Amino acid sequence: MAEPKRIPLRIFALLLLISTSAFQILYASDDVDDAIFYESFDEDFDGRWIVSQKDDYSGVWKHAKSEGHDDYGLLVSEKARKYAIVKELDETVKLKDETVVLQFETRLQNGLECGGAYLKYLRPQEAGWKPKEFDNGSPYSIMFGPDKCGATNKVHFIFKHKNPKSGEYVEHHLKHPPSVPSDKLSHVYTAILKSDNELQILIDGEQKKKANFLSADDFEPPLIPPKTIPDPNDKKPEDWDEREKIPDPDAVKPDDWDEDAPLEILDEEAEKPEGWLDDEPEEIDDPEATKPEDWDEEEDGEWEAPKIDNPKCEAAPGCGEWKRPMKKNPAYKGKWHAPLTENPAYKGIWKPRDIPNPDYFELKKPDFEPIAAIGIEIWTMQDGVLFDNILIASDDKIAASYRETTWKPKFTVEKEKQKDEESETESSGLAGFQKKVFDLLYKVADIPFLSDYKLKIYDVIEKLEKQPNLTVGILVAVVVIVVSIFLRIIFGGKKPTRVVKTNVEPAETSTSQGSGENEENKEKEESAAPPRRRPTRRDN
């Protein structure tokens, strides 16, 4: 019986990948049914989202692809504009007894120097707003997302809560929110509001902040007001003394204390420096200056040559009348003040008394207003801000599955591309630096006093060019060589042999002269010969 054929490993891996992708698609389609609200922007937003018609909001929204992907999103297309757009939900979302997850993606394709990329979760229209008039004043329940400008760099989480005593809506800001990622990649922001009053802020699925809605340490101002407040009608008594120390009333100024002594006095020990030119002015008329031809003395007055520094004063210690310098007066004490002593009438820093806070209330959990619409109302100096995959769910597992199927594949591709670009930038930057180093070394080799060692230096450079990764070693090696040669020239040369004049035969003289001419001609030939060609250097 024939053995069954084995499936090649590559085919098996491909089948596994296809099955996994199919499972994720099916899983994501199931999650769509579980989501309270989901907007993928696969279809054009026109007719489904309502753009504000307020005059201030002139920014144009576009249905566009994310750079490098076939995935569509809602794009901020113009710089330095205000934008406002809103989507009404089919059913209002209550934020009271169950877990609610708010999640969306943004990609700052051109960065974000100053602007917002957050969402507003709006209250029902009965609160006093209309979709076509959506603006900054439209009442929201929660505002969540990135905001960056100047010193501001945070992922906002703000909720508005009605004080049951005063009836006023108060904004409560999350303290110490996480920062906005500083790259141009797709990022997903998640806020998990749990039924036990816990809030979790996630960026790219990683928890960045945990807070409690009832904690005064997590929100400013705190959701629950203090039980007592300072009495606004309380006033400090007139005889209340807040001075901890006072001038000693028993202190007396010493008899030798001279308040009129000056801070500085003439230095009587100073002597005029030798060579001081008493009769020379510090400035003289410029001898090279001439009166302009169009100078009219009747209109312009008598012409005077411009002044220049007296050149005689440059070499002298000084010119003109010599005066004694001033020095610090050792007898100077200044104005006398009595020393401080403990104040017997000191009562401390006055504070108004505390009274019961009329706006105080107790609360077991926040009474959030329901969400009836999702709006984006921002002002930004950058274009290229892309919103995508806006989700409201009742389970953080649903939000996690969306991150895996919609955000993570895009982010992985973008991250790999970013790494490749950074690697290319580093490589080209290093190659450019190396080229500059070798150019500099060849110039060093051309210095006249190194001419006798030029060929040796060329040999070293040629060998090092074959190993361009040793750039630092190259610099050190050549510097050592140049310094060694320099020191050898200065300190290590042999003393020249003394030439003794002697009577020599004419024939010998002729021979000697001929030898000298040969050597001179040889040197000329060597100097006239073409220099050694430098090796071709890489430009990349």
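Just so you know, these numbers come straight off a predicted model, no measurement behind them.

Cut-offs and rules
- Residues numbered from 1 in each chain as written.
- Predicted model: local features only at pLDDT ≥ 70, side-chain atom pairs only at ≥ 80, totals over all residues.
- Heavy atoms only, no water.
- Helix = DSSP H or I, 4+ residues; strand = E, 2+ residues; numbered from the N terminus.
- Buried < 20%, exposed > 50% of the residue type's maximum accessible area, 1.4 Å probe, protein only.
- Contact = heavy atoms within 4.5 Å.
- Core = buried A, V, L, I, M, F, W, Y, C linked by side-chain atoms within 4.5 Å.
- Disulfide = S-S within 2.5 Å.
- Phe/Tyr/Trp six-rings, centres within 6.5 Å; stacked < 30°, edge-to-face > 60°.
- Lys NZ or Arg CZ within 6 Å of the ring centre and 35° of its normal.
- Salt bridge = Lys/Arg side-chain N within 4 Å of Asp/Glu carboxyl O.
- pLDDT = per-residue confidence, 0-100.
- Pairing = 2+ DSSP bridges.

Caption draft 1: Broad picture of the overall build of the chain. What the chain contains, in helices and strands, is 7 helices and 25 strands. A total of 540 residues make up the chain; the buried ones form 34% of that total. Counting only contacts in the chain whose residues sit at least 6 apart along the sequence, the fraction spanning at least 24 positions is 74%.

Caption draft 2: Here's a closer look at the nonpolar core. In terms of nonpolar packing, the biggest core is built from 57 residues, with Tyr121, Phe144, Phe157 and Phe387 touching the most fellow members. Tallying contributions element by element places strand E5 (residues 81-93) first for this core, with 6 residues. Sequence-distant contacts of Phe144, defined by excluding residues within four places in its chain, comprise Leu102, Phe104, Tyr118, Leu119, Tyr121, Val155, His156, Phe157, Tyr189, Thr190, Ala191 and Ile201. In terms of nonpolar packing, the next biggest core, distinct from the first, is built from 9 residues, Ala35, Ile192, Leu391 and Ala399 among them.

Caption draft 3: Looking closely at the state of the cysteines. In total, this model carries 2 disulfides according to the counting rule given. What pairs with Cys114 in a disulfide is Cys149, and their sulfur atoms sit 1.8 Å apart. Handedness here is read from the sign of the S-S torsion; for Cys114 and Cys149, about -75°, the answer is left-handed. Pair noted here: Cys114 is in strand E7 (residues 114-116) and Cys149 is in strand E9 (residues 140-149), with a separation of 35 residues, a long-range link. The exposure class of Cys149 is partly exposed, given its relative accessible area of 34%. At a sulfur-sulfur separation of 1.9 Å, the disulfide partner of Cys313 is Cys319. Residues Cys313 and Cys319 are joined by a disulfide whose S-S torsion is about -120°; by sign, that bridge is left-handed. What makes Cys313 buried here is its relative accessible area of 17%. Listing the disulfide partners of the chain by sequence rank of the bonded cysteines yields 1-2, 3-4.

Caption draft 4: Focus on the packing of aromatic side chains. Counted by the stated rule, this structure contains 15 aromatic pairs. Their ring planes at 85° and their centres at 5.4 Å tell us that Phe159 and Phe213 sit as a pair that is edge-to-face. You can see Phe159 sitting in strand E10 (residues 152-162) and its partner Phe213 sitting in the loop between strand E14 (206-212) and strand E15 (219-220), a full 54 residues away along the chain. Here Phe159 and Phe213 have matching classes, each one buried. Given a relative accessible area of 1%, Phe213 falls into the buried group. Through pairs of rings, three or more aromatic residues link up here, namely Phe104, Phe144, Phe157, Phe159, Tyr189, Phe213, Phe219 and Phe368. Here the basic side chain of Arg123 rests over the ring of Tyr169, its NZ or CZ set 4.1 Å away from the ring centre.

Caption draft 5: Representation of the pattern of salt bridges in the model. Following the criterion strictly, the structure yields 28 salt bridges and no others. Of the charged contacts in the structure, one is a salt bridge between Lys175 and Glu220, with a shortest N-O distance of 3.9 Å. Taken as a pair, Lys175 in the loop between strand E11 (169-174) and strand E12 (186-193) and Glu220 in strand E15 lie far apart in primary sequence, 45 residues in all. Judged by relative accessible area, Lys175 falls into the partly exposed class, the value being 23%. Lys410 is paired through a salt bridge with Asp388; the nearest N and O atoms lie 3.2 Å apart. Linking Lys410 in helix H4 (residues 396-445) with Asp388 in strand E25 (residues 385-393), this pair joins segments that are 22 residues apart in sequence. Comparing Lys410 with Asp388, the two get one shared label, buried.

Caption draft 6: Representation of the confidence of the model for the chain within the structure. Chain-level pLDDT for the chain is 84 on average; 78% of the residues reach the 70-or-more range. Between residues 9-29, whose pLDDT stays under 50, and residues either more than four places distant or in other chains, the model counts 5 contacts. Contacts of residues 493-540 to residues separated by more than four positions or lying in other chains number 21 contacts, the stretch itself having pLDDT below 50.

Caption draft 7: Molecular detail of the pairing of strand E8 (residues 119-122). Judged by which residues are buried, E8 turns out to be covered on both faces: Leu119 and Tyr121 on one side and Lys120 and Leu122 on the other are all buried. Where E8 and E9 come together, 4 bridges link them in antiparallel fashion. Counted as the bridge partner of Lys120 is Met143 from E9. The sheet contact formed by E8 and strand E24 (residues 371-380) spans 3 bridges and is antiparallel. Bridged to Tyr121 within E24 is Ile374.

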